[in-house]
Amino acid sequence: MDIARATQTYFSKMVSDVAGMKVLLLDKETTSVVSSSFTQSQLLSRQVFLVDRLENKTREKMKHLKCIVFVRPSHESIQCLVEELRDPCYSAYFLCERFPRCVAICITAHSSPVFSNTIKKSSIERLAEADEMELVREVQEFYADVIVHHTHLFSLNVAGPERPLYIENASTWDPPAFSRCVEAIVAACLAVKKKPVVRYEGNSIMAKKLGEEIVYQIQQEGPLFDFRRPDTPPLLLILDRRNDPITPLLSPWTYEAMVHEHFGISNGRVDLSQIPAIRSDLREIILSPGPASNSKSSGNTPNSSTGSSADAFYSDNMYLNLGDLGANIKTYVDAYQIKHKSSMNIESIDDMKRFMQDYPEFRKLSANVTKHVALVGELSRRVASEGLLESGEVEQSLACNENHNGDLKSIQKLLANGTLPYLQKLRLVILYAIRYERHPSNSTPSLLATLRANHPDPPQGLPDVSTVCTAVLEYASSLRRSSSSNTGSSVGTNPSGSSSQPAAAEAFLARTKNAFKGLRGVENVYEQHQPNIVALLSGVLAGKIGDNVLPFVENGEGGKSKDKPQDVIVFMIGGTTYAESREIAKLNANTPGVRILIGGTTVHNSSSFLREACDSVVRWRKGGGSGGADGMGGQRIKTGRLD
């Protein structure tokens, strides 16, 4: 159950079926979808000469080229497509619509007649009227409606304040967000060829609404879900971020999650322009995890056979903490230096030929080593100079333990630390406020006053500290949080069993070594907290979660299954995190026969989570509060695919 492979297969078919040189036209949303799954090199290898936006009115006319149009059929995109057909720039058009809002289906040798029963006639007529020159050769639909991050992780880039989830109150979906989630989840199920039973968190009306609509859409699509029935039906599990507000607030300590926390990962791109004295060619880098290597250490050795879009070092190290990562990147640098020295030893014509053949891969390897050295070096510098280790230990204590006096003293000390960033201090206060909300000696007001005095002007673009803290508390308490949301405390062991780090030649490696001294060989105090999703999934896979916690959605065919699921698709309303993605990867690796996908409305870091929480609460207050009954009054929001 590989969402990345399924999506790449669709794109490969889309561009390969049209022979010869061609242009690929995208809209805003499909640009993100394509860029997360296909590289420019892969497109060029399939004779895609140019990639452009459909709404770009300054495109040059190229009548000698064919055109593939891959757009989401929103009103804006349909209108742009109509205008394009009235004044065409290319010789022929092949329209590829993302499921489920397809405009039309041309029944060819590669498509199924069942699609013809669900086409919107108005859309067909509108395109047909615009295509006076009869340039549209084919229209197909693809189930590629999500942004793929890993083989097991996808998102939708739906997050407030730009694309809010809520209106009026905490139980009311914003209609565009609701429709987008329904369409994407149904498409993801079709992409991996699963017809799931649906369960949802029982205390979330939002999750219930989403589950019911997905079941309705699956029933409406009928033949599209006529897959071979497995012995155990797949499961779609719909969760709500508000049941675990702790995970996105904690400082991450693994490579991928730290990069997202400190710099942000947007469609695989990372902006490093804020790093002092960064080289111009490293101001924006791409982190593209390919399939993980079979050997844990294989990604640390330069390999000329690595695929064009895969970063083997990143794939093999993205779930390691900074201490283990420092040792591995030292090995990576040493291996590169050996390869570099061998490439300089040219004594014959054969050596020259071999060098020229290897030069493109060698140059790529050099860039990759430089990229990771710069990235890990900056992460290590921030950990050391900003005092993140001390604050991270207090965060874990707040998340997993009950020690009010000790936690309060630690936070007061950290608030007086001039090097600790404002956002780090804010998260400490919020975690304290959530943990000790009902404690008789709760000191949240005094902590907020201290933070406000030290930082009168919040540098993160957030509202006043009291406003943020109150909003997150209201967001977190808008559902009855399950008892395990923020009390998980499980300390595991690293299978390596090592207790010391190799010496490092580079200064940043020395800082990493000192910072994490004594941490290797154990999942340490910085990784005590387990996301709530771990306990839930463990219970589901063991068949120990009752219907009162995770009810089933009735689908007219029973809708329930007492069997232990093997294929599970998890969707997190309110956004997932890379920490949770790591836990899913561990479950997939350590549970034979079980395949789990996780998706969310977005992939949060702490900053984006705080922004969405504040925006959501503001909307609830404008609508009259965070509670409320069924905010949609029983009205079904249908996807645009259905008449």
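Shown above is the structure to which this text applies.
As the structure is a computational prediction, the values presented were derived from the model and not from experiment. (Residues numbered from 1 in each chain as written. Predicted model: local features only at pLDDT ≥ 70, side-chain atom pairs only at ≥ 80, totals over all residues. Heavy atoms only, no water.)

Student: Account for the overall build of the protein, naming residues and giving values.
Tutor: Along the backbone of the protein there are 20 helices and 16 strands. The burial tally for the protein puts 55% of its 643 residues in the buried class. Excluding contacts between residues fewer than 6 apart, the proportion of contacts in the protein whose partners are at least 24 apart in sequence is 81%. Just so you have it, the protein exposes about 27,500 Å², and 50% of that area is on carbon and sulfur atoms. (Helix = DSSP H or I, 4+ residues; strand = E, 2+ residues; numbered from the N terminus. Buried < 20%, exposed > 50% of the residue type's maximum accessible area, 1.4 Å probe, protein only. Contact = heavy atoms within 4.5 Å. Areas by Shrake-Rupley, 256 points an atom, 1.4 Å probe, with all protein chains shown as cover.)

Student: Describe helix 16 (residues 465–477), and please don't skip the residues or the numbers.
Tutor: For helix 16, spanning 13 residues, the distance from its first C-alpha to its last is 18 Å, which sits close to the expected 18 Å at 1.5 Å a residue. Every buried residue of helix 16 is accounted for by Val-465, Ser-466, Val-468, Cys-469, Ala-471, Val-472, Leu-473, Tyr-475 and Ala-476. Put simply, Asp-464 is the residue that caps the front of helix 16, since its side-chain oxygen is 3.0 Å from the backbone nitrogen of Ser-466. (Expected span 1.5 Å × (residues − 1). Polar contact = N/O pair within 3.5 Å; in protein donor to acceptor, adjacent residues only side chain to side chain.)

Student: Describe in detail the pairing of strand 1 (residues 22–26), supporting the description with residues and values.
Tutor: In summary, the side chains of a regular strand alternate between the two faces of the sheet. Burial runs high along strand 1: five of the five residues are buried. Here strand 1 shows no split at all, with Lys-22, Leu-24 and Leu-26 on one side and Val-23 and Leu-25 on the other all buried. Examined bridge by bridge, strand 1 and strand 3 (residues 62–71) share five bridges and lie parallel to one another. Its bridge partner being in strand 3, Leu-26 is matched across the sheet by Phe-70. Note that strand 1 and strand 2 (residues 48–53) share five bridges and pair parallel. Each residue of the ladder has a partner; that of Val-23, found in strand 2, is Leu-50. (Pairing = 2+ DSSP bridges.)

Student: Outline the sheet that holds strand 6 (residues 147–150), listing residues and values.
Tutor: Taking strand neighbours across the sheet as the criterion, the six strands line up as 6-7-15-13-9-8 in an open arrangement whose pairing is mixed. At either margin of the open sheet sits one strand with a lone partner, and together these are strand 6 and strand 8 (197–200). Between one strand axis and the next, the sheet turns by 20 degrees as a mean value, whatever way the strands run. Packed on one face of the sheet, helix 1 (residues 3–16) meets strand 6, strand 7 (153–155) and strand 15 (595–600) and runs near 135 degrees to strand 6. (Axes fitted to C-alpha atoms, helices over the stretch in contact; angles between N-to-C directions.)

Student: Hey, could you go over unusual backbone geometry for me, with residue numbers and the actual values?
Tutor: Geometrically, the link from Gly-160 to Pro-161 is a cis peptide bond, its omega value of 5 degrees lying close to zero. Within the secondary structure, Pro-161 is located in the loop between strand 7 and helix 6 (175–191). A positive phi angle, near 60 degrees, is found at Lys-193, a position not held by glycine. Mapped onto the secondary structure, Lys-193 falls in the loop between helix 6 and strand 8. Take Lys-193: its relative accessible area is 53%, and that puts it in the exposed class. Phi is positive for Asn-267, which is not a glycine, with a value near 55 degrees. One can find Asn-267 in the loop between strand 10 (265–266) and strand 11 (269–271). Taking relative accessible area as the criterion, Asn-267 reaches 22% and is therefore assigned partly exposed.

Student: Explain the side chain of Lys-194 to me, and be specific about the residues and the numbers.
Tutor: Topologically, Lys-194 is positioned in the loop between helix 6 and strand 8. Here the side chain of Lys-194 touches Asp-567 through a polar contact of 3.2 Å, side chain to side chain. In this structure Lys-194 touches Met-1, Cys-189, Phe-225, Phe-227, Pro-234 and Asp-567, once residues within four positions along its chain are discounted.

Student: So, the packing of helix 14 (residues 422–435) against helix 16: which residues are in play, and what are the values?
Tutor: One way to put it is that helix 14 packs onto helix 16 with a least axis distance of 10 Å and a crossing angle of 45 degrees. On the basis of the axis angle, helix 14 is oblique to helix 16. At the point where helix 14 passes helix 16, the crossing takes the right-handed sense. In contact with Tyr-422, Leu-426, Ile-430, Ala-433 and Ile-434 of helix 14, helix 16 contributes Val-465, Val-468, Cys-469, Val-472, Leu-473 and Ala-476. Among the residues forming the contact of helix 14 with helix 16, the class breakdown is eleven nonpolar, no polar and no charged. (Parallel < 35°, antiparallel > 145°, perpendicular 65-115°, else oblique. Left-handed = near helix turned anticlockwise from the far one by under 90°. Nonpolar A, V, L, I, M, F, W, Y, C, P; charged D, E, K, R; others polar.)

Student: Go over the pattern of salt bridges, please, and point to the residues and values.
Tutor: One pass over the structure, following the stated rule, counts 29 salt bridges. As a salt-bridge pair, Arg-199 and Asp-547 come within 3.8 Å of each other at their nearest N and O atoms. Separated by 348 residues along the polypeptide, Arg-199 in strand 8 and Asp-547 in the loop between helix 18 (532–541) and strand 13 (567–573) bring together distant segments of the chain. Looking at Arg-199, the relative accessible area reads 7%, which means it is buried. Relative accessible area serves as the criterion here: at 29%, Asp-547 is assigned to the partly exposed category. Arg-595 is paired through a salt bridge with Asp-567; the nearest N and O atoms lie 2.5 Å apart. Of the two residues, Arg-595 is situated in strand 15 and Asp-567 in strand 13; the sequence distance between them amounts to 28 residues. Overall, Asp-567 belongs to the buried group, its relative accessible area being 6%. (Salt bridge = Lys/Arg side-chain N within 4 Å of Asp/Glu carboxyl O.)

Student: So what about helix 12 (residues 388–400)? Which residues, and what values?
Tutor: For helix 12, spanning 13 residues, the distance from its first C-alpha to its last is 18 Å, which sits close to the expected 18 Å at 1.5 Å a residue. Every buried residue of helix 12 is accounted for by Leu-388, Leu-389, Ser-391, Gly-392, Val-394, Glu-395, Gln-396, Ser-397, Leu-398, Ala-399 and Cys-400.

Student: Describe in detail the nonpolar core, supporting the description with residues and values.
Tutor: If you look at the biggest cluster of nonpolar residues, it comprises 160 residues, and the most contacted ones within it are Leu-210 and Leu-426. Looking at which element gives the most residues to this core, the answer is helix 6, with eleven residues. Residues contacting Leu-426, with those up to four places away along its chain left out, are Leu-451, Leu-462, Val-465, Val-468 and Leu-610. Membership of the second largest hydrophobic core comes to 21 residues, among which are Leu-25, Leu-95, Leu-135 and Val-139. (Core = buried A, V, L, I, M, F, W, Y, C linked by side-chain atoms within 4.5 Å.)

Student: Break down the sheet that holds strand 11 for me, citing the residues and quoting the values.
Tutor: Taken together, three strands build an open sheet; the order of strands is 10-11-12 and the sheet is antiparallel. At either margin of the open sheet sits one strand with a lone partner, and together these are strand 10 and strand 12 (284–286). Relative to strand 11, strand 10 is paired through two bridges, and the arrangement is antiparallel. What sits directly across from Ile-265, in strand 11, is Val-270.

Student: How would you sum up the packing of helix 13 (residues 404–415) against helix 14? Please name residues and give values.
Tutor: Direction vectors running N to C along helix 13 and helix 14 enclose 160 degrees, while the axes themselves pass 10 Å from each other. With respect to their mutual orientation, helix 13 and helix 14 come out roughly antiparallel. The crossing of helix 13 and helix 14 is left-handed. Residues His-404, Leu-408, Ile-411, Leu-414 and Leu-415 of helix 13 lie in contact with helix 14, whose contacting residues are Lys-425, Leu-428, Val-429 and Tyr-432. By residue class, the composition of the contact of helix 13 with helix 14 is seven nonpolar, one polar and one charged.

Student: Residue-level account of the environment of Pro-252, with values.
Tutor: Relative to the assigned elements, Pro-252 resides in the loop between strand 9 (235–240) and helix 8 (255–262). Pro-252 sits in the buried class, given a relative accessible area of 17%. Separated by 70 residues in sequence, Pro-252 and Leu-322 have C-alpha atoms that sit 9.9 Å apart. When near neighbours in sequence (up to four residues on either side) are disregarded, Pro-252 contacts Ala-257, Met-258 and Glu-261.

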